[in-house]
Amino acid sequence: MESEVPPATTEISLSSESMGDNSIINGNSDKNGASSNLGGQTFFNSSNSSSVGSRLAGDDSIGSRLAGDNAGLSTNEKESPVYNPSTNVTGGAGVTRSASMKSQMGSDITNHTMSRFGSTSKPAPVNKMTLQEVGQFTAVKAESFKLWSVKAYKCTKQLLSEKMGRGTRTVDLELEARIEVLRDTKQKYENIVALMKVFVDHFTMMCQTQKVLAEAFGELAGKSQDLQEEFQFNGETQFVLSKNGESLLAAVNFFISGMHTLCSKTMDDTLTTVKRYENSRVEYDAYRAELENLKLAPRTESNLNKQAQAQLNFSKHKDIYERLRADVGVKLQFLDENRVKVMQKQLLGFHNAIVAYFAGNQQQLVATLKQFNIKLGTDTSRPSWLEKNGADP
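Residues numbered from 1 in each chain as written. Predicted model: local features only at pLDDT ≥ 70, side-chain atom pairs only at ≥ 80, totals over all residues. Heavy atoms only, no water.

**Q** Before we go on, may I ask you to explain the nonpolar core in this structure?
**A** Most often, soluble globular proteins have nonpolar side chains that are buried together. Counting residues in hydrophobic clusters, the biggest one holds 41 residues, and the most contacted among them are Ile-179, Tyr-189, Tyr-277 and Val-328. If you list the elements that add at least two residues to this core, you get helix H7 (173-223), helix H8 (228-296), helix H9 (301-358) and helix H10 (362-371). The greatest single-element share of this core, amounting to 17 residues, is contributed by H8. (Core = buried A, V, L, I, M, F, W, Y, C linked by side-chain atoms within 4.5 Å. Buried < 20%, exposed > 50% of the residue type's maximum accessible area, 1.4 Å probe, protein only. Helix = DSSP H or I, 4+ residues; strand = E, 2+ residues; numbered from the N terminus.)

Written out as structure tokens, the structure is:
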């Protein structure tokens, strides 16, 4: 039995029902022009096809409809995936409503963020230098570097000439002797401070040992009835010695603190001025030597101009040198007066404390601490809580 071949074409009724069926078929067909089955017949929607071949042939109905009707966004909005609330939307009502909602949301978020994290004022514009200003700035820096290089060269030349015995240097014998005495004094004072620190370390260990020894004697006094008085006397003696040792340590630490302040602050400030004075002396001698060499040179126009400039530099550095020399003299005088007062007080307090301690005179030791306003870590003039309770009946 031969199978019946369907006709190549099929007539479709143009009635309203058929048109409704066709619209349903077209609505249910997939986007790539897939076929739909209705009533045993297959319909192919070619209007929804967007195959590669149809596009190459220029028969892309979807592209032509999108380009023809005015239902999409502008070209800039299609290409840019970033939302821009200022972009004009030319689509329908749905697209316009969506864009306005996005614009409102973006403005609300921006206002909330700026009101929470800072002011709504615009940031200050960056001060950009023009090419002319950059050139002027570079020229100023180059000129400053040039002057510094010339000065460094002249001072280095002067120092080498002095060390090799070819150049002369300006010397103030009295001031140089006082500066040398100051440096020697500072070195010796620092040596005394170092020895005092060693003394404090050893004496602190001895006081701690005396405390432990006093506790050991007290424990044996409670356990040994036959030697109770002897152990008790020795324990009390060691306790008193450790207590007096703490007072002596306070006096020694006060002495070290005063010496350290004198050496590290007062003397260092004067030596800083001395260092500036010595640098100014080298610069003064360097420009003085330059001026002397130019005076011996031939009297040409170029040498005369150089000599005039050298005379100005020499006068300038001479004034600086003389001013710093006067400052050093004044500071040395004030330092000597202050040093004598400080050392008299420190040495007297240390002497009285040492004598009172080794003489066993606790009252004089306490009086010495009060005289020089020396405070202990613990107040030894008042009895401890244990001593108070032990004294109560």
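**Q** Help me out: how do you make sense of unusual backbone geometry in this one?
**A** Most peptide bonds adopt trans geometry, and most residues besides glycine take a negative phi value. Of note, the phi angle at Asn-373 is positive, near 55 degrees, even though the residue is not glycine. If you trace the backbone, Asn-373 turns up in the loop between H10 and helix H11 (385-391).

**Q** Would you explain the packing of aromatic side chains in this entry?
**A** The way to describe two aromatic rings as a pair is by their centre distance and the angle between their planes. On inspection of all chains with the given rule, the structure shows nine aromatic pairs. Seen in terms of ring centroids, Phe-203 and Tyr-357 are 5.3 Å apart; in terms of plane orientation they differ by 75 degrees. Their pairing is edge-to-face. Placement of Phe-203 in helix H7 and of Tyr-357 in helix H9 is noted, with a sequence separation of 154 residues between them. Here Phe-203 falls in the buried class, since its relative accessible area comes to 5%. On the basis of relative accessible area, Tyr-357 is assigned to the buried category, the value being 7%. Pairing Tyr-284 with Tyr-321 gives two aromatic rings, centres 5.0 Å apart and planes at 5 degrees, and the pair type is stacked. Remark: Tyr-321 occurs in helix H9 and Tyr-284 occurs in helix H8; sequence separation between them is 37 residues. Tyr-321 matches Tyr-284 in its accessibility class, with the two residues each being buried. (Phe/Tyr/Trp six-rings, centres within 6.5 Å; stacked < 30°, edge-to-face > 60°.)

**Q** Even after reading the chapter, I still don't get the packing of H8 against H9, so can you show me in this structure?
**A** Two quantities define a packed helix pair, namely the angle between the helix axes and the distance between the axes. Two numbers describe how H8 lies on H9: the axes approach to 8 Å, and their chain directions differ by 165 degrees. Judged by the inter-axis angle, H8 sits roughly antiparallel to H9. Of the two elements, H8 crosses H9, and the hand of that crossing is left-handed. For the contact of H8 with H9, the residue count by class is 30 nonpolar, 13 polar and 14 charged. (Axes fitted to C-alpha atoms, helices over the stretch in contact; angles between N-to-C directions. Parallel < 35°, antiparallel > 145°, perpendicular 65-115°, else oblique. Left-handed = near helix turned anticlockwise from the far one by under 90°. Nonpolar A, V, L, I, M, F, W, Y, C, P; charged D, E, K, R; others polar.)

**Q** I'm lost on a nonpolar patch on the surface in this one. Help?
**A** Together, Met-129, Val-134 and Phe-137 make up a nonpolar patch on the protein surface, roughly 290 Å² of accessible area in all. Looking at the element boundaries, Val-134 is found in helix H6 (residues 131-164). (Patch = residues over 30% accessible without salt bridge, like charges linked within 9 Å, V, L, I, M, F, W, Y side chains within 5 Å. Areas by Shrake-Rupley, 256 points an atom, 1.4 Å probe, with all protein chains shown as cover. Salt bridge = Lys/Arg side-chain N within 4 Å of Asp/Glu carboxyl O.)

**Q** Just to check I follow, could you spell out the pattern of salt bridges for this structure?
**A** Here the idea is simple: oppositely charged side chains can pair when their charged atoms come close. Applying the stated criterion across every chain yields a total of 13 salt bridges. For Arg-281, the salt bridge identified is with Glu-162, shortest N-O distance 2.7 Å. Taken as a pair, Arg-281 in helix H8 and Glu-162 in helix H6 lie far apart in primary sequence, 119 residues in all. Each of the two residues, Arg-281 as well as Glu-162, counts as buried. Here the salt bridges do not stand alone but share partners, grouping Glu-162, Arg-169, Arg-281, Asp-285, Arg-288 and Glu-292 into one network.

**Q** What's the story with the side chain of Lys-154 in this structure? I'm lost.
**A** Along the chain, Lys-154 turns up in helix H6. Lys-154 has contacts with Ala-286, Tyr-287 and Glu-290, leaving out every residue within four places of it along the chain. (Contact = heavy atoms within 4.5 Å.)

**Q** Looking at this structure, how should I read the confidence of the model for the protein?
**A** Predicted coordinates in areas of low pLDDT are best not read in detail. Taken residue by residue, the protein gives an average pLDDT of 74. The fraction at 70 or more is 63%. Per-element mean pLDDT across the protein ranges from 41 in helix H1 (residues 16-28) up to 93 in H7. Counting contacts from residues 113-120, a segment whose pLDDT is below 50, to residues more than four positions away or on other chains yields three contacts. This model gives residues 384-393 a pLDDT under 50, and the stretch forms two contacts once residues within four places in sequence are excluded. (pLDDT = per-residue confidence, 0-100.)

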